[in-house]
Amino acid sequence: MQEFIQDIARELALVPPGWGGNLLRGLLTTLQIAFGAYALALVIGIGGMLGKVYGGPVTRLVLEVYTTAIRAVPELIVLLLLYYAGTDFLNFILAKFGHDPVDINALLAGILVIGIVQGAFCTEVFRGAIRSIPVGQVEAAQSFGMPFWQRFRRIILPIMTPRALPGLSNLWLITTKDTALLAVIGFSELALTTKQAAGATKSYFLFYMVAAVLYLCVTLISNVVLKRIERHYRRGQKQLA
Amino acid sequence: MDWSWIPQYAPKLLEGLWLTLQLTFLSIFFGMMLAIPIGLVQVTGPKWAARLALAFCTLIRGTPLLIQLWLLYFGLGSLFPSIPVIRETWLWPILREAFPFALLAFTISVAGYSGEVMRGAFQNVSKGELEAAQSFGMRPIKVLSRIWVPRAIQSVLPTLVGEFIMTLKATPLAATITVFEVYGVSNSIRQNTFLVYEPLLLVAGIYLVLVLILVAVFRYIENKMPQRALH
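Residues numbered from 1 in each chain as written. Chains lettered and ligands numbered in written order. Predicted model: local features only at pLDDT ≥ 70, side-chain atom pairs only at ≥ 80, totals over all residues.

> For this particular structure, what's the right way to read the overall build of chain A?
Of the regular secondary structure elements, chain A holds 10 helices and 0 strands. Counting only C-alpha atoms and orienting by the principal axes, one finds that chain A spans roughly 75 × 55 × 25 Å. Put simply, 74% of the contacts in chain A that link residues at least 6 apart link residues at least 24 apart. (Helix = DSSP H or I, 4+ residues; strand = E, 2+ residues; numbered from the N terminus. Contact = placed C-beta atoms within 7 Å.)

Here it is, written out as structure tokens:
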């Protein structure tokens, strides 16, 4: 038994030949990608929602195709397509200007592809939230003579935020887990680092368990934080359910 | 764009498609078989069972499916050969295949996500309906099978459909453990033909159609259910 624990301690040691340090670095990359992608998704989501609600017919059609296609095709396939298409497109542009092709920074590429995918889901979350605002409130603001941006900032956004929060919390949890898909493309975040560690040491079970625990910790800590945020924005409201 | 490879690889793609469908529907079926008791014990079961079910749902929903899949296939799969007894049993031929591991991983994933949905669903059914059933003299098991489960599923059908679509969309992950479902087939086509986009686009199109069919089927079922609702 003691030998078994020593084995585990050796394989998870923070300095090589232990893999603990690499796993934590992988976790850090995963979190960086998740934060970046989530921020991008929020921006796309707000923009997409505004386009869907206030845009002209062409904008609406384009956004409808974007959200429907991304939500109906498996994330893994969208990620691969975006990654290849993005790289090719960038190198095509660079070639036009007489530059040599480059390898895109992996972190940035990961953030972009995950962000674009989650942006589609985020658009729908915001659209659902804005549709749940009583029209009278917005009309009241209009009749006070508030211009659009003031209306948006003072009325729509504050009413919308608590209603969007459950969906947004869910989206954050999905984003952190979706970063694992990048392992299939070859980004060395937590999942791929784990695979390499497991392959190198042959302790498959141990390393996948450790990875699962790390992801679980991210989720559980996120849950606590998200609950706090939700409570903050719901203060003064009746408790739902 | 070059699509001339399609006739040559059509049989392979159809095989992959069949595997995708099998994986999706079997895991939804077995997953729901587990999800119903997992949801139910959290509402009416003994405390230890409720806690266990909640822990299971948290664990499954808190870790990426890809890691669960790899943990089962590479992790558990690497432990089995070291237990010689297993080689003698009927289990051994099954444990050497990848498909059962994929099916198991997807089943517990459906069980975890839908179990959480079913918990809310069982709570949603109003007490009056259950009491009415009881007062008709139905035994608890009959109340469950005739009133509680059907009413619970009915109330969350749209959410469940969302979960089922997630399951369908997760099946490409099985390709990472050598299950040659439709995405796995497209990967080998890409390696053989050196095409980057076309096979991926075809698979994207196939999934798009599958999702639309699934949505249409469940909308049909939803409409079949008699329900008083505001429209």
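> Sorry, what's going on with the overall build of chain B here?
Within chain B, the regular secondary structure consists of 10 helices and 0 strands. Across chain B, helices and strands are ordered from the amino to the carboxyl terminus as α-α-α-α-α-α-α-α-α-α. For chain B, the spread of C-alpha atoms along the principal axes amounts to about 65 × 55 × 30 Å. Across the 231 residues in chain B, those meeting the buried criterion constitute 35%. Within chain B, contacts between residues at least 6 apart in sequence are counted, and of these 78% link residues at least 24 apart. (Buried ≥ 20, exposed ≤ 12 C-beta atoms within 10 Å, placed from the backbone.)

> What exactly am I supposed to notice about the interface of chain B and chain A here?
With 27 residues of chain B at the contact, the number on the chain A side is 28 residues. For the side of chain B that touches chain A, the secondary structure elements donating two or more residues are α2 (47-62), α3 (65-79), α8 (140-170) and α10 (198-224) of chain B. For the side of chain B that touches chain A, the element with the most residues is α3 of chain B, which contributes 9 residues. Of the residues in the side of chain B that touches chain A, the class split is 21 nonpolar, 5 polar and 1 charged. (Nonpolar A, V, L, I, M, F, W, Y, C, P; charged D, E, K, R; others polar.)

> Would you mind going over the nonpolar core with me for this structure?
As a rule of thumb, soluble globular proteins bury nonpolar side chains together. Formed by 100 residues in total, the largest nonpolar core has its most connected members in Tyr208 and Ala211 of chain A together with Leu66 and Ile67 of chain B. Top element by residues in this core is helix α5 (residues 106-131) of chain A. It accounts for 12 residues. (Core = buried A, V, L, I, M, F, W, Y, C linked by C-beta atoms within 7 Å.)

> Looking at this structure, how should I read the packing of helix α2 (residues 20-54) of chain A against helix α7 (residues 148-178) of chain A?
Working note: a packed helix pair is described by the angle between its axes plus the distance between those axes. All names here are of chain A. Closest axis-to-axis distance for the α2/α7 pair is 9 Å, and the angle between their directions is 135°. Considered as vectors, α2 and α7 are oriented oblique to each other. Crossing geometry of α2 relative to α7 is assigned as right-handed. Along its contact with α2, which presents Ala34, Ala37, Tyr38 and Ala41, the element α7 presents Leu171, Trp172, Thr175 and Thr176. Of the residues in the contact of α2 with α7, the class split is 6 nonpolar, 2 polar and no charged. (Axes fitted to C-alpha atoms, helices over the stretch in contact; angles between N-to-C directions. Parallel < 35°, antiparallel > 145°, perpendicular 65-115°, else oblique. Left-handed = near helix turned anticlockwise from the far one by under 90°.)

> Whenever I open this one, the environment of isoleucine 77 of chain A confuses me. Can you help?
All names here are of chain A. Tracing the chain through its elements places isoleucine 77 in helix α4 (residues 75-96). When the 19 C-beta atoms within 10 Å are taken as the criterion, isoleucine 77 is described as partly exposed. Along the sequence, isoleucine 77 and leucine 181 sit 104 residues apart, while their C-alpha atoms lie 9.9 Å from each other.

> Before we go on, may I ask you to explain unusual backbone geometry in this structure?
Note: most peptide bonds trans; most residues except glycine with negative phi. Positive phi, close to 65°, is recorded for threonine 178 of chain B, a residue that is not glycine. Mapped onto the secondary structure, threonine 178 of chain B falls in the loop between α8 and α9 (182-193).

> Just checking my understanding: could you explain the packing of helix α1 (residues 6-44) of chain B against α2 of chain B for this structure?
All names here are of chain B. Where α1 contacts α2, the axes come no closer than 8 Å and their chain directions differ by 130°. Overall, the two elements α1 and α2 adopt an arrangement that is oblique. Along this stretch, α1 crosses α2, giving a crossing that reads as left-handed. Every residue of α2 that contacts α1 at Ile38, Val41 and Gln42 is listed here: Ala49, Ala50, Ala53, Leu54, Phe56 and Cys57. Considered class by class, the residues forming the contact of α1 with α2 number 8 nonpolar, 1 polar and no charged.

> Got a minute to help me understand the environment of arginine 127 of chain A in this structure?
Residues and elements named next belong to chain A. Looking at the secondary structure, you find arginine 127 in helix α5. As a C-alpha pair, arginine 127 and glycine 45 span 82 residues in sequence and 8.6 Å in three-dimensional space. Leaving out residues up to four positions away in the same chain, arginine 127 has contacts with Met49, Lys52 and Val53.

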